[in-house]
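Architecture and fold: a report
Read off the chains here:
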Amino acid sequence: MRNLTFAMNVSVDGYIAAPGDDLGWSLPSDELFQWWSERVRATGLALYGRKLWETMSSHWPTADQQPGATPAHIEYARRWRAMPKVVFSSTTSTVGWNTRLVTGDAVTEITRLKADDDGSMDIAGATLAAAAMRAGLIDEYVMVTHPVLVGGGTPFFTALDHWVNLNLVETRTFPDGVILTRYETKR
């Protein structure tokens with residue numbers, strides 16, 4: 001069975017995007033960018049909600065061809081394009097870059113994908129992750145916490161009907177006061 005991880009940059013007050021979908025507060029250091037790149041390299045399948053897919057697919061498919069692209073950005077762009085992806089959307093009609101579109105029930109499809117044994121899965125996008133959280137499908141939460149309070153926006157966690165107990169399995173400090181915490185869901 002595949003492991004499903006929800007990993008995102010998050011503000012200290014718990015948001016993955018500030019009001020207006022502003023992500024400017026979460027720019028990574030070189031070390032953190034390399035960590036995200038290694039995560040993409042190791043991901044067997046990435047699950048995206050529509051909004052985050054639109055953000056990622058508007059930049060990374062050609063980021064390695066942009067003037068001034070650093071070696072790290074070139075490597076990330078290549079890894080991102082090669083990584084198998086599934087986009088969940090009822091409004092998007094086409095996807096590319098090693099990606100499959102799912103327009104049906106996300107929880108049903110994620111449950112089916114978890115039953116496979118083809119490596120780890122990451123889930124990204126607040127709405128999609130919230131549905132998986134409520135269904136009890138997330139096995140691991142990775143919060144890359146930036147030292148900023150954004151005061152509102154898109155929360156990392158959704159309201160739940162019951163507690164989810166977690167085990168802390170990793171902490172790591174990055175430059176600029178960024179702290180990674182990784183928790184496994186107790187089953």
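Our subject is the structure listed above.
Described below are features of the structure shown in this document. Since the structure is predicted, the reported quantities are computational estimates derived from the model, not experimental observations. (Residues numbered from 1 in each chain as written. Predicted model: local features only at pLDDT ≥ 70, side-chain atom pairs only at ≥ 80, totals over all residues. Heavy atoms only, no water.)

Turning to the overall build of the chain, a few remarks are in order. Of regular secondary structure, the chain possesses 5 helices and 10 strands. Taken along the three principal axes of its C-alpha coordinates, the chain extends 45 × 35 × 30 Å. The buried share among the 187 residues of the chain stands at 44%. Residue pairs in contact within the chain that sit at least 24 positions apart in sequence constitute 69% of those at least 6 positions apart. Summed over its atoms, the accessible surface of the chain is roughly 9,600 Å², and 52% of this surface lies on carbon and sulfur atoms. Taken together, the 17 basic and 21 acidic charged side chains of the chain have centroids lying 4 Å from each other. (Helix = DSSP H or I, 4+ residues; strand = E, 2+ residues; numbered from the N terminus. Buried < 20%, exposed > 50% of the residue type's maximum accessible area, 1.4 Å probe, protein only. Contact = heavy atoms within 4.5 Å. Areas by Shrake-Rupley, 256 points an atom, 1.4 Å probe, with all protein chains shown as cover. Lys, Arg positive; Asp, Glu negative; His and termini not counted. Charge placed at Lys NZ, Arg CZ, Asp CG, Glu CD.)

With that settled, the discussion passes to helix α4 (residues 106-115). Among all positions in α4, only A106, E109, I110, L113 and K114 are buried. With its buried residues spanning 140° around the axis, α4 presents them on a single face. In α4, the exposed residues that point more than 90 degrees away from the buried face are T108 and A115. Looking at the packing, one finds that the buried side of α4 touches β1 (4-11), β3 (45-49), β4 (85-88), β5 (99-102), β6 (121-124) and α5 (126-134). (Arc of directions from axis to C-beta.)

Moving on: helix α2 (residues 50-57). Buried within α2 are the following residues: L52, W53, M56 and S57. One side of α2 carries all its buried residues, which in axial view fall inside an arc of 125°. Buried-residue contacts for α2 involve β1, β3, α3 (71-82), β4, β5 and β6.

In this section: the pairing of β1. Along β1, 8 of the 8 residues are buried, which leaves the element largely enclosed by surrounding structure. Bridge count between β1 and β6: 3 bridges; the pairing is parallel. Bridge pairing links T5 to D122 in β6. Where β1 lies against strand β7 (residues 140-146), 7 bridges are found, and the strand directions are parallel. Bridge assignment links V10 to a residue of β7, and that residue is T145. (Pairing = 2+ DSSP bridges.)

Once that is clear, we can look at the sheet that holds strand β9 (residues 166-174). Overall, mixed pairing links the 8 strands, which are arranged β5-β4-β3-β6-β1-β7-β10-β9 in an open sheet. Pairing within the sheet leaves two strands with one partner each, and these edge strands are β5 and β9. This sheet shows a mean twist of 20° between the axes of neighbouring strands, independent of strand direction. Alignment of β3 against β4, held across 4 bridges, turns out to be parallel. Opposite Y48, over in β4, you have V87 as the bridge partner. (Axes fitted to C-alpha atoms, helices over the stretch in contact; angles between N-to-C directions.)

This part is about the pairing of β3. Most of β3 sits inside the fold, with 5 of its 5 residues counted as buried. Residues L45, L47 and G49 point to one face of β3 and A46 and Y48 to the other, with burial holding for every one of them. Bridge analysis of β3 against β6 gives 4 bridges, and the strand direction is parallel. Residue pairing for β6: L47 is matched across the bridge by I123.

One broad trend across soluble globular proteins is that nonpolar side chains are buried collectively. In this structure, L4, F6, L47, Y48, I110 and I123 are the most contacted members of the largest nonpolar core, which totals 48 residues. When near neighbours in sequence (up to four residues on either side) are disregarded, I123 contacts L4, T5, F6, A7, L47, I110, L128, A129, A132 and I138. (Core = buried A, V, L, I, M, F, W, Y, C linked by side-chain atoms within 4.5 Å.)

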